[in-house]
Amino acid sequence: MNPEDLREFYITSEFLTRLSRRARYWSRDFILEQMDHFRSRHPDYPELIDVLQLEIDIRDKKELQVD
């Protein structure tokens, strides 16, 4: 049996937008904890980490690359 693809029902563009908005109010430590959690529990969904990494980068005022 194939594992469920979380993108189908849970990790939607709306979810990622909400995650991004919520992360703006989270502490840096909490964001880093969530990133560790996602890395270990959901490694097949790097977009979760990407959203949180963007918030860290914004806070650090890093120059963002444009694809």
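Structural notes, computed from the coordinates. (Residues numbered from 1 in each chain as written. Predicted model: local features only at pLDDT ≥ 70, side-chain atom pairs only at ≥ 80, totals over all residues. Heavy atoms only, no water.)

Before going further, it helps to spend a moment on the nonpolar core. Counting 14 residues, the largest nonpolar core has Ile 11, Leu 19, Ile 31, Met 35, Phe 38, Leu 48 and Leu 52 as the members making the most contacts within it. Mapped by element, the contributors of at least two residues to this core are helix H2 (13-23), helix H3 (28-41) and helix H4 (46-59). Discounting residues that sit within four places of it in the chain, Ile 31 has contacts with Ala 23, Trp 26, Leu 52, Glu 55, Ile 56 and Arg 59. (Core = buried A, V, L, I, M, F, W, Y, C linked by side-chain atoms within 4.5 Å. Buried < 20%, exposed > 50% of the residue type's maximum accessible area, 1.4 Å probe, protein only. Helix = DSSP H or I, 4+ residues; strand = E, 2+ residues; numbered from the N terminus. Contact = heavy atoms within 4.5 Å.)

Looking now at H3. Here H3 is 14 residues long and its end C-alpha atoms lie 20 Å apart, about the 20 Å a rise of 1.5 Å per residue gives. Every buried residue belonging to H3 is among Ile 31, Gln 34, Met 35 and Phe 38, and all of these are buried. End-on, the buried residues of H3 take up no more than an arc of 105°, which puts them together on one face. Relative to its buried face, H3 has exposed residues pointing more than 90 degrees away, namely Asp 29, Ser 40 and Arg 41. Contacts from the buried residues of H3 go to H2 and H4. (Expected span 1.5 Å × (residues − 1). Arc of directions from axis to C-beta.)

So, about the packing of aromatic side chains. Applying the stated criterion across every chain yields a total of one aromatic pair. Between Trp 26 and Phe 30 the ring centres are 4.9 Å apart and the planes differ by 85°, which places this aromatic pair in the edge-to-face class. A relative accessible area of 22% places Trp 26 in the partly exposed class. (Phe/Tyr/Trp six-rings, centres within 6.5 Å; stacked < 30°, edge-to-face > 60°.)

By themselves, these figures tell us nothing about what the structure is for.
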